[in-house]
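Here are the chains, one letter per residue:
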Amino acid sequence: MQGTESGKTLSFASLALALADDYTNLYVINAEDDSYIEYVPSGENKELEIASSGKNFYEDVPRNCRELVFKEDQAEFLKTFSRDNVMDALESGRSFMLNYRLVIDGVPVYYSLKTIRSYSDQSIIIGVRNVDKQMRRENKAKELSRTYDQIAGSLASRYEVIYYVDMETDNYLIYSASDEFSEFCTTVKGKDFFADAERDIKQFICSEDRDRILRALKKEKVSEALKKTGSVSFSYCQHLGGREQYMEMLLVRPKNDDRHVVIGVANVDEQVRHEQEVAKETQTFSDISTALAQRYAVIYHVNTVTDHYTEYSTSAQYSWVKEGSDGNSFFTECEENMKTSIYEEDQAMMYASMNKDNLLNTIAVFGQVNLTYRLLINGEPQYVSLYAVRAAEDSDYIIIAVSNIDKVKRMELALSNAVEMVGRDSLTGVKSKHAYVEAEEELDSQIGNSTQPEFAIVMCDLNGLKEVNDFKGHKAGDEYIRSASAIICNSFSHSPVFRIGGDEFAVILKGRDYECRCDLIDQMMIKLEETKNNGLKLFAFGISEFDPAIDIRVQDVFERADRFMYKDKEECKKAIR
């Protein structure tokens, strides 16, 4: 802003409040003639100094916008930040807020603008604050939510159920379960995982596996095994849906968390039964043929003196030899084949490991070689495991066996990431129902100790989701849910938002959002009016504050907010009749 005016003092507490919120610039505008003064905090005590002044603030805005605002934000800034919009908001008792980017040293930086009216005179106060770190965190969170979608999709297709077990208290949560498997789960939350597991094993596990699984799932056994290897897996047969099915259980410790264990249960019935069929068909084969059928995709028998080798392969996808089963130069052909068959990111490691001198030296020192890498099969990388060992002591031959471990490896990778999405709704990126239960328990504990903060609960329930799913499909329904979630999150940007049902959301308001709840509700109502579909608001809502005189738990506040929400829902229905 151009010009300077001195000698004016600030006569209202709003500027002090703004400074407390770390505003970088403050503009005081005379509401009658639009003249203004720009103040900036200076020194350690952030005393206000006049930086500039002008005769008409809103006439100066376009020029300053073109000079300072990031080019991609200029059109929206000028459209939104007009005198009419500002005054309309203030006259209705609301504050006016706008996020945009300024170009600082050639780099776009996020800022937030907030306008309020002074209660002591006719002045209008505009505060400008640097919110770059916050906005970039939010943008990163949105990016992460897309990753959560992918993780959730992988988990949903791979696991029947995931347990999250506290090894100190034995409390546990069930984070994902198929409809079929959930019939045999007595609860989604429990107080003693190992006791409940023992009960279920005795009831559902087939008799031939029962004792083995009972021993394996003892708390002491699990803890000891996880300390040694970090993960444990075992298979078993259980009665499920009136038939026997083979299952596989994988137990892992989350990164940097010695207290919890994540347990994934996958249905491997088809795979196990296929392996059983293969085993039956190959009973008359030699030991090496049986090993190939059950475990290995390809085995090489290599003469380390002449480099002549014989290949035993179960599939052409793994075979090197074009004619017959013999080759004359194993290590030369190995290096040549790796150029096209090994996934690019793993090639350097495999070139070094499969160098003849390196391989033989490693076998001499350690007795064997174990490598995990990705092999390109039908153009797609798949995890395989290579095992190399000398055929016998002082033998000129080595055995190199390769097995496809892609399914197991990806299961392990997916499960290791499972904790990252614990408590997160995969569709919207907001917190899950399990996260709400934990937050409710924490607040109940604080209420019991009379240390609870002021808080309120907002309940939101989508209108017309069933109709959208029925007539436009579930993809449109998912987008409908995401749209509602976005409005709720934007309305209460400093509060945790939970998706507690298919079409239900809950928000726990504390701190600034609690103090400004009336303004935030007003802003949300305006947004709901703007986004009506065929005259129907996107969702109904209700809000209720915690009252220590009548409320003894969070559920009391929740139920009151829920009743208000259903009243609003009835009003929504009446409005379109």
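Residues numbered from 1 in each chain as written. Predicted model: local features only at pLDDT ≥ 70, side-chain atom pairs only at ≥ 80, totals over all residues. Heavy atoms only, no water.

A. Layout of the overall build of the chain. Helix and strand counts for the chain stand at 21 helices and 22 strands. Looking at the 577 residues of the chain, the share that counts as buried comes to 44%. Of the accessible surface of the chain, which amounts to about 31900 Å², a share of 47% is contributed by carbon and sulfur atoms. (Helix = DSSP H or I, 4+ residues; strand = E, 2+ residues; numbered from the N terminus. Buried < 20%, exposed > 50% of the residue type's maximum accessible area, 1.4 Å probe, protein only. Areas by Shrake-Rupley, 256 points an atom, 1.4 Å probe, with all protein chains shown as cover.)

B. Here's a closer look at the sheet that holds strand β17 (residues 380-390). Strands sit in the order β15-β14-β13-β18-β17-β16 across an open sheet of six strands; the sheet is antiparallel. Looking along the sheet, the strands with just one partner apiece sit at the ends: β15 (326-327) and β16 (368-377). (Pairing = 2+ DSSP bridges.)

C. Structural context of helix α9 (residues 219-229). Among the residues of α9, those classed as buried are Val222, Ser223 and Leu226. Along the long axis of α9, the arc covered by the buried residues comes to 95 degrees, so they all point the same way. Structural note: α9 exposes Glu220, Lys221, Lys228 and Thr229 on the side pointing more than 90 degrees away from its buried face. Considering only its buried residues, α9 is in contact with α7 (193-204), α8 (207-216), β10 (231-240), β11 (243-252) and β12 (260-267). In the stretch just after α9, Gly230 is the one whose phi turns positive, near 85 degrees. (Arc of directions from axis to C-beta. Contact = heavy atoms within 4.5 Å.)

D. Spotlight on the packing of aromatic side chains. Counted under the stated rule, the structure contains 19 aromatic pairs. Ring centres of Phe57 and Tyr58 lie 5.3 Å apart, and the angle between their planes is 90 degrees; on these two criteria the pair is classed as edge-to-face. On the basis of relative accessible area, Phe57 is assigned to the buried category, the value being 3%. Residue class for Tyr58 comes out buried when judged on its relative accessible area of 12%. (Phe/Tyr/Trp six-rings, centres within 6.5 Å; stacked < 30°, edge-to-face > 60°.)

E. Unusual backbone geometry, seen in detail. The phi dihedral of Asp34 falls on the positive side, at around 70 degrees, and the residue is not glycine. Locating Asp34 in the fold gives a position in the loop between β1 (25-30) and β2 (36-42). Asp34 sits in the buried class, given a relative accessible area of 9%. Unlike most non-glycine residues, Asp307 shows phi in positive territory, near 70 degrees.

F. Main features of the pairing of strand β4 (residues 96-104). Here β4 runs beside strand β5 (residues 107-117); their pairing, made up of nine bridges, is antiparallel. Its bridge partner being in β5, Ile104 is matched across the sheet by Val107. From the end of β4 to the start of β5, which pair antiparallel, there are two residues, and Asp105 there has a positive phi angle of about 50 degrees.

G. Region of the structure containing the sheet that holds strand β3 (residues 47-54). Spatially, β3-β2-β1-β6-β5-β4 is the arrangement adopted by the six strands of the open sheet, whose pairing is antiparallel. The strands lining the two open edges of the sheet, one partner per strand, are β3 and β4. On average, each strand axis in the sheet is inclined to that of its neighbour by 25 degrees, with strand direction left out of account. (Axes fitted to C-alpha atoms, helices over the stretch in contact; angles between N-to-C directions.)

H. Quick peek at the pairing of β17. Where β16 and β17 come together, 10 bridges link them in antiparallel fashion. Note on β17: the bridge partner recorded for Leu376 is Pro381. Hairpin geometry of β16 and β17 is characterised by an intervening segment of two residues between the two adjacent antiparallel strands and by a positive phi of about 55 degrees at Asn378. Pairing analysis gives seven bridges linking β17 to strand β18 (residues 397-404), with the strands arranged antiparallel. The partner of Val384 across the bridge, within β18, is Asn404. Count of turn residues in the β17/β18 antiparallel hairpin: six residues, of which Asp394 carries a positive phi of about 65 degrees.

I. View of the pattern of salt bridges. The full count for this structure, using the stated rule, is 29 salt bridges. Salt-bridge contacts for Asp73 lead to Arg101; the nearest nitrogen and oxygen are separated by 2.9 Å. Residue Asp73 is located in helix α3 (residues 71-80), and its partner Arg101 is located in strand β4; the two are separated by 28 residues in the primary sequence. Among the residues examined, Arg101 registers a relative accessible area of 17% and is labelled buried. Measuring nitrogen to oxygen at the nearest pair gives 2.8 Å for the salt bridge that ties Asp166 to Arg259. Note that Asp166 is positioned in strand β7 (residues 161-166) and Arg259 in the loop between β11 and β12, a separation of 93 residues in sequence. Judged by its relative accessible area of 10%, Asp166 is buried. Taken together, the shared-partner salt bridges in this structure form one network comprising Glu72, Asp73 and Arg101. (Salt bridge = Lys/Arg side-chain N within 4 Å of Asp/Glu carboxyl O.)

J. Just the nonpolar core, in detail. Judged by nonpolar contacts, the single largest core of 27 residues is most densely connected at Phe330, Met354, Leu359, Tyr373 and Ile400. Looking at this core, the elements that each hand over two or more residues are β13 (298-303), α12 (330-341), α14 (356-366), β16, β17 and β18. With five residues, β16 is the largest single contributor of residues to this core. Among residues more than four places away in sequence, those in contact with Leu359 are Phe331, Ser353, Met354, Val369, Ala388, Ile398 and Ile400. (Core = buried A, V, L, I, M, F, W, Y, C linked by side-chain atoms within 4.5 Å.)

K. Representation of the packing of α7 against α8. Put simply, α7 and α8 touch, their axes get as near as 9 Å, and they point 170 degrees apart. Between α7 and α8, the interaxial angle falls into the category roughly antiparallel. Contacts between α7 and α8 involve Glu198, Ile201 and Lys202 from the former and Arg210, Ile213 and Leu214 from the latter. Considering only residue class, the contact of α7 with α8 consists of three nonpolar, no polar and three charged. (Parallel < 35°, antiparallel > 145°, perpendicular 65-115°, else oblique. Nonpolar A, V, L, I, M, F, W, Y, C, P; charged D, E, K, R; others polar.)

L. How the structure looks around the state of the cysteines. Scanning the model with the defined rule gives zero disulfides in all. Free cysteine: Cys518, not disulfide-bonded; nearest cysteine sulfur from Cys516 at 9.4 Å. Here Cys518 falls in the exposed class, since its relative accessible area comes to 56%. (Disulfide = S-S within 2.5 Å.)

M. Summary view of helix α20 (residues 517-530). Taking 1.5 Å as the rise per residue, α20 with 14 residues should run 20 Å; its terminal C-alpha atoms sit 20 Å apart, in good agreement. Residues of α20 that are buried sit in contact with α18 (474-491), β21 (504-509), α19 (511-515) and β22 (539-545). (Expected span 1.5 Å × (residues − 1).)

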